[in-house]
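Reading the structure
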Number of protein chains: 2
Amino acid sequence: MQASIQVPADPALQYLLRIGDTCLILGQRLGEWCGHAPVLEEDIALTNMALDLIGQARGVLTLAGQRCNPVLDEDQLAFLRDERDYRNPTLAELPRGDFAFTVLRNAMLSTWLKLLWERLRESSDADLAGIAGKALKEARYHQQHAADWVLRLGDGTEESRRRIEAALAQLWPYAAELFDADAVDDAAEAAGLGPAGVDLREPWLAEMAEILGEVHLPMPQQGSFRSSGKRGVHSEHMGYILTEMQYLQRTYPGGAW
Amino acid sequence: MQASIQVPADPALQYLLRIGDTCLILGQRLGEWCGHAPVLEEDIALTNMALDLIGQARGVLTLAGQRCNPVLDEDQLAFLRDERDYRNPTLAELPRGDFAFTVLRNAMLSTWLKLLWERLRESSDADLAGIAGKALKEARYHQQHAADWVLRLGDGTEESRRRIEAALAQLWPYAAELFDADAVDDAAEAAGLGPAGVDLREPWLAEMAEILGEVHLPMPQQGSFRSSGKRGVHSEHMGYILTEMQYLQRTYPGGAW
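Residues numbered from 1 in each chain as written. Chains lettered and ligands numbered in written order. Predicted model: local features only at pLDDT ≥ 70, side-chain atom pairs only at ≥ 80, totals over all residues. Heavy atoms only, no water.

Re the overall build of chain A
The line we're drawing: Numbering of helices and strands runs from the N terminus, with a helix taken as a DSSP run of H or I at least four residues long and a strand as a DSSP run of E at least two residues long. The globule rule is 2.2 Å times the number of residues to the power 0.38, and the radius of gyration it is compared with is taken over C-alpha atoms. A simple rule labels every residue: compare its accessible area, found with a 1.4 Å probe on the protein chains alone, to the largest value its type can have, and call it buried under 20%, exposed over 50%, or partly exposed in between. In what follows, residue pairs with any heavy atoms lying within 4.5 Å of each other are defined as contacts. Under the convention used here, Asp and Glu are negative, Lys and Arg are positive, and both His and the chain ends fall outside the count. Charged groups are reduced to one reference atom each: NZ for lysine, CZ for arginine, CG for aspartic acid, CD for glutamic acid.
Of the regular secondary structure elements, chain A holds ten helices and zero strands. Counted from the first residue to the last, chain A has its helices and strands arranged as α-α-α-α-α-α-α-α-α-α. Here the C-alpha radius of gyration of chain A, 18 Å, is about what a compact globule of 257 residues would show, namely 18 Å. Expressed along its principal axes, the backbone C-alpha trace of chain A runs to roughly 55 × 45 × 35 Å. Put simply, chain A has 257 residues, and 60% of those count as buried. Sequence-distant contacts, at least 24 apart, represent 79% of the contacts inside chain A between residues at least 6 apart. Each charge sign in chain A was given a centre, from 24 positive and 38 negative side chains, and these centres are 1 Å apart.

This is the structure:
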């Protein structure tokens, strides 16, 4: 078995891992639809999004690896960290759920990523700004696709409406974490690396209000629950996803099996 | 549960199903690598190939559905047939195996598909000829990618050599089916729809000899075993893949869950 790699506590590195891991883990969840969507068109669309996200993860994790000493490559970061060193918000790791759950989570996270990439185009890190330019186009498409489906399901049958309402009730509490401020965010903002999460809260709420408002879905109240994946404290689902992802690398170090 | 659709015995329809189902089922198998490849780059490459293949399947199954009465759409054909009505050669449905198995099967089937698409550009069915033009470019890339990996594994470590040799011994007996002549092929050739399988045998053997020859892998002798997936008599693996693929459509007819 391949041993885990150690990741430094550098805030800029943590900031990059939060972005890269969100793309990696959400991409992993969307990839679970490959061959399992209800129609071929959606199978292809969701798998394409998974590929966009895994490509974004690859770019950001490559940058993150350059901030480690010794330098790590993107595969080591993707496959050989311990669970507590993954920095995605919990929202990204929740099991794929049904199709309504999938499209609503996509709407929430692609809106967030879109706003984030918009700001990251101005990053003081030119490589990150370059990734953001390309990723922004992809995130815009992901958001549009998800919003179309929220509309279709919210305005569809009684069953589809019931399912999108259930997904909203389940997913909404996990949004708050995206906007919690902390030292990692403060350092990134001070260095011009990227925005603090809290700065994206108002524009995110405005865009979500628009998406949900089109089908008269009221935005739930935010309770006191706080998920904590971006600080490395994950839900019980994270272990399973990592077991699947890491099996090959851990069992055949450096090998291609 | 949604009932199965019935498929007419028309030879031209069967010919199209053989092509579309090969792409569909191989795409399904490659999609199983999404999130499970040993490195992110291969994860993305294999999943991209899965998407190309599912896109090709969608195109060909759409044409096939137009030959049914009443007309069927590509999703009905993809998801609602009984096992015996799927017409892919058995080679496509074998479980994904290890990475060496995956790349060698890709080399065998992408070489076959490439030769087939080349000929189908001249099909008397203009829609099929159109699909072939685009698919040919994709198949060429798939073949190149697979051949590169056969070289890398065949010329790599003792372990990788052992694995590619084992994959060759396992996979080779399933190639013969691709070239067996029968009434479906004869009818397609007579109508100018596309080539008989037997016509692709010599060029296929020549290209495989080149790929395998580069790493001094001797081409196995062909025994008397004949698989029969393209006549609807599948291996025991086919049922599992269909169970996974069909679950959503069967359980929620027409629904998006």
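Right, picking up where we left off after that structure.
Thoughts on the environment of Ala135 of chain A
Residue and element names in this part refer to chain A. Summarising the element assignment, Ala135 is placed in helix 6 (residues 126-154). Taking the C-alpha atoms as reference points, Ala135 and Val198, 63 residues apart in sequence, are found 21 Å from one another. Non-local contacts of Ala135, meaning those with residues more than four positions away in its chain, are made with Gln56 and Trp117.

A closer look at a negative patch on the surface
Residues and elements named next belong to chain A. Going by this rule: Within the patch definition used here, like charges are joined within 9 Å and nonpolar side chains (Val, Leu, Ile, Met, Phe, Trp, Tyr) within 5 Å, considering only residues with over 30% relative accessible area and no salt bridge. Here, Shrake-Rupley sampling with a 1.4 Å probe gives the accessible areas, and only protein chains in the shown set may cover a residue. Should a side-chain nitrogen of Lys or Arg be within 4 Å of a carboxyl oxygen of Asp or Glu, the pair is scored as a salt bridge.
Together, Asp148, Asp155, Glu210 and Glu214 line one region of the surface with negative charge. Take Asp148: it is sitting in helix 6. Accessibility expressed as a relative area gives 39% for Asp148, which makes it partly exposed.

Quick notes on the packing of aromatic side chains
Residue and element names in this part refer to chain B. So the rule is basically this: For Phe, Tyr and Trp, where Trp contributes only its six-membered ring, two rings pair if their centres lie within 6.5 Å, and the inter-plane angle classes them as stacked under 30 degrees, edge-to-face over 60, or tilted in between.
Applying the stated rule across the entire model yields ten aromatic pairs over all chains. Pairing Trp33 with Phe99 gives two aromatic rings, centres 5.7 Å apart and planes at 85 degrees, and the pair type is edge-to-face. Of the two residues, Trp33 sits in the loop between helix 1 (11-31) and helix 2 (40-66) while Phe99 sits in helix 5 (residues 99-120), which places them 66 residues apart along the sequence. Per residue, the accessibility class of Trp33 equals that of Phe99, and both read buried.

A closer look at the interface of chain A and chain B
Where we set the bar: By definition, the buried area sums, over both parts, the 1.4 Å-probe accessible area that each loses when the two are put together. The term polar contact refers here to a pair of N or O atoms within 3.5 Å; inside protein, the definition further demands a hydrogen-donor-capable atom paired with an acceptor-capable atom, and it admits residues adjacent in sequence only when both atoms are side-chain atoms. In this classification, Asp, Glu, Lys and Arg are treated as charged, Ala, Val, Leu, Ile, Met, Phe, Trp, Tyr, Cys and Pro as nonpolar, and every other residue, Gly included, as polar.
At the junction of the two partners, chain A supplies 40 residues and chain B supplies 40 residues. Taking both sides of the interface into account, the surface hidden between chain A and chain B amounts to around 3,400 Å²; carbon and sulfur atoms contribute 70%. The residue Glu41 of chain A makes a salt bridge to Arg58 of chain B at a minimum N-O spacing of 3.7 Å. Connecting chain A to chain B are two residue pairs in polar contact (both at pLDDT 80 or more). Those elements that provide at least two residues to the side of chain A that touches chain B are helix 1 (11-31), helix 2 (40-66), helix 3 (74-79), helix 5 (99-120), helix 6, helix 7 (158-171) and helix 10 (237-251) of chain A. Examining the composition of the side of chain A that touches chain B, we find that ten residues originate from one element, helix 2 of chain A, more than from any other. Class assignment of the residues belonging to the side of chain A that touches chain B gives a composition of 21 nonpolar, ten polar and nine charged.

What about the packing of helix 6 (residues 126-154) of chain B against helix 7 (residues 158-171) of chain B?
All names here are of chain B. Spelled out, the test is: Helix axes are fitted to C-alpha atoms over the stretch in contact, other axes to C-alpha atoms as well, and angles between N-to-C directions run from 0 to 180 degrees. Roughly parallel here means an angle under 35 degrees, roughly antiparallel means over 145, roughly perpendicular means 65 to 115, and every remaining angle is called oblique.
As a packed pair, helix 6 and helix 7 sit with axes 7 Å apart at the nearest point and diverge in direction by 125 degrees. Comparing the axis directions of helix 6 and helix 7 gives the class oblique. Listed contacts from helix 7 to Val150, Arg152, Leu153 and Gly154 of helix 6 are Ser160, Arg161 and Ile164. Looking at the contact of helix 6 with helix 7 residue by residue, the classes come out as three nonpolar, two polar and two charged.

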